[in-house]
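One letter stands for each residue in the lines below.
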Amino acid sequence: MTPRIQILHESDAGELFRLRQRALLESPLAFLASPEDDLASSEAAVRELLTSRHDSVVFGARAPELIGMLGLYRPGAKKAAHKANIWGMFVLPTWRGQGLAARLLDEAIGFARRLPGVASVHLSVSESAGAARHLYERVGFETWGIEPDAIRFEVHSDGERHMRLAL
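Since the structure is predicted, the reported quantities are computational estimates derived from the model, not experimental observations.

The rules behind these values
Residues numbered from 1 in each chain as written. Predicted model: local features only at pLDDT ≥ 70, side-chain atom pairs only at ≥ 80, totals over all residues. Heavy atoms only, no water. Pairing = 2+ DSSP bridges. Helix = DSSP H or I, 4+ residues; strand = E, 2+ residues; numbered from the N terminus. Axes fitted to C-alpha atoms, helices over the stretch in contact; angles between N-to-C directions. Buried < 20%, exposed > 50% of the residue type's maximum accessible area, 1.4 Å probe, protein only. Salt bridge = Lys/Arg side-chain N within 4 Å of Asp/Glu carboxyl O. Contact = heavy atoms within 4.5 Å. Phe/Tyr/Trp six-rings, centres within 6.5 Å; stacked < 30°, edge-to-face > 60°. Parallel < 35°, antiparallel > 145°, perpendicular 65-115°, else oblique. Left-handed = near helix turned anticlockwise from the far one by under 90°. Nonpolar A, V, L, I, M, F, W, Y, C, P; charged D, E, K, R; others polar.

Thoughts on the sheet that holds strand β5 (residues 120–126)
In step 1: Sheet architecture is open: seven strands sit in the order β1-β2-β3-β4-β5-β7-β6, paired in mixed fashion. In this open sheet, the two strands that pair with only one neighbour each are β1 (4–7) and β6 (142–153). Pairwise comparison of adjacent strand axes, ignoring direction, gives a mean angle of 25° for this sheet.
In step 2: Of the pairings in the sheet, the one linking strand β4 (residues 83–91) to β5 comprises three bridges and is parallel in character. Within β5, the residue paired with Lys 83 across the bridge is Ser 120.

Below, the structure is given as structure tokens:
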């Protein structure tokens, strides 16, 4: 079965919450959040996140269960409304290498292009996430800065690369 990419809705909150928790546990250096301090730390918080807003969306990859996710939001501040931000890219390990991350990213970029006034898309990626970084570079994201020692987990430290795609 070819997975389909779709915008997630409030009814997907339980599944998204479980996938997000799994992502945070399995890939701790890929996310700044931890399960205990994540903004999406409960199913209710995820449901609120998925409440329909024209400038914030979470995409899911389904086969038919939820196997990947990626969020995009535009800041509410007027002076930052020309930017959209990508967050939370994750694809289950058994589904990696099949182009799902690229499909999720394409959907998010397309959504950002349709938001009036958005001129660029921004994201941050762990320095140790080479495959993700290469995907972003292939699509056209450019690095504008690297923050050393941005994430510490147990005895591990990782830098964070800040990237931008001009639309």
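Right, picking up where we left off after that structure.
Describing the pairing of strand β2 (residues 56–62)
In step 1: Most of β2 sits inside the fold, with seven of its seven residues counted as buried.
In step 2: Neither face of β2 is exposed, since Ser 56, Val 58, Gly 60 and Arg 62 on one face and Val 57, Phe 59 and Ala 61 on the opposite face are all buried.
In step 3: The loop that links β2 with its antiparallel partner strand β3 (residues 66–73) comprises three residues.

Focus on the pairing of strand β7 (residues 156–166)
In step 1: Pairing analysis gives seven bridges linking β5 to β7, with the strands arranged antiparallel. Looking across to β7, one finds that Val 121 is bridged to Leu 165.
In step 2: Sheet topology places β6 next to β7; eight bridges connect them, and they run antiparallel. Note on β7: the bridge partner recorded for Glu 142 is Arg 164.
In step 3: In this structure, the hairpin formed by β6 and β7 is closed by a connection of two residues, where Glu 154 is found at a positive phi of approximately 55°.

Let's talk about the pattern of salt bridges
In step 1: All told, the structure shown has six salt bridges when counted by the stated rule.
In step 2: One network of salt bridges, with partners in common, ties together Asp 12, Glu 15 and Arg 62.

What about the environment of Val 57?
In step 1: With respect to the helices and strands, the residue Val 57 is situated in strand β2.
In step 2: Residue Val 57 is classed as buried on the basis of its relative accessible area, which comes to 6%.
In step 3: Spatially, the C-alpha atom of Val 57 lies 8.8 Å from that of His 9, the residues being 48 residues apart in sequence.
In step 4: The residues contacting Val 57, other than those within four sequence positions of it, are Ile 7, Leu 70, Gly 71, Leu 72 and Phe 111.

Some points on the packing of aromatic side chains
In step 1: As enumerated under the stated definition, the model contains three aromatic pairs in all.
In step 2: Relative to Phe 90, the ring of Phe 31 lies with its centre 6.5 Å away and its plane at 55°, an arrangement referred to as tilted. With a gap of 59 residues between them, Phe 31 in the loop between α1 (13–26) and α2 (43–49) and Phe 90 in strand β4 connect regions that are remote in the sequence.
In step 3: In this structure Phe 31 comes out as buried when scored by relative accessible area, which is 7%.

Let's talk about the packing of helix α3 (residues 100–114) against helix α4 (residues 130–139)
In step 1: Relative orientation of the contacting elements α3 and α4 amounts to 45°, with a least axis distance of 11 Å. Taken as axis vectors, α3 and α4 run oblique relative to one another. Judged by the sense of rotation from one axis to the other, the crossing of α3 with α4 is right-handed. Each of Ala 101, Ala 102, Leu 105 and Ile 109 in α3 lies in contact with α4, whose residues at this interface are Leu 135, Tyr 136 and Val 139.
In step 2: Considered class by class, the residues forming the contact of α3 with α4 number seven nonpolar, no polar and no charged.

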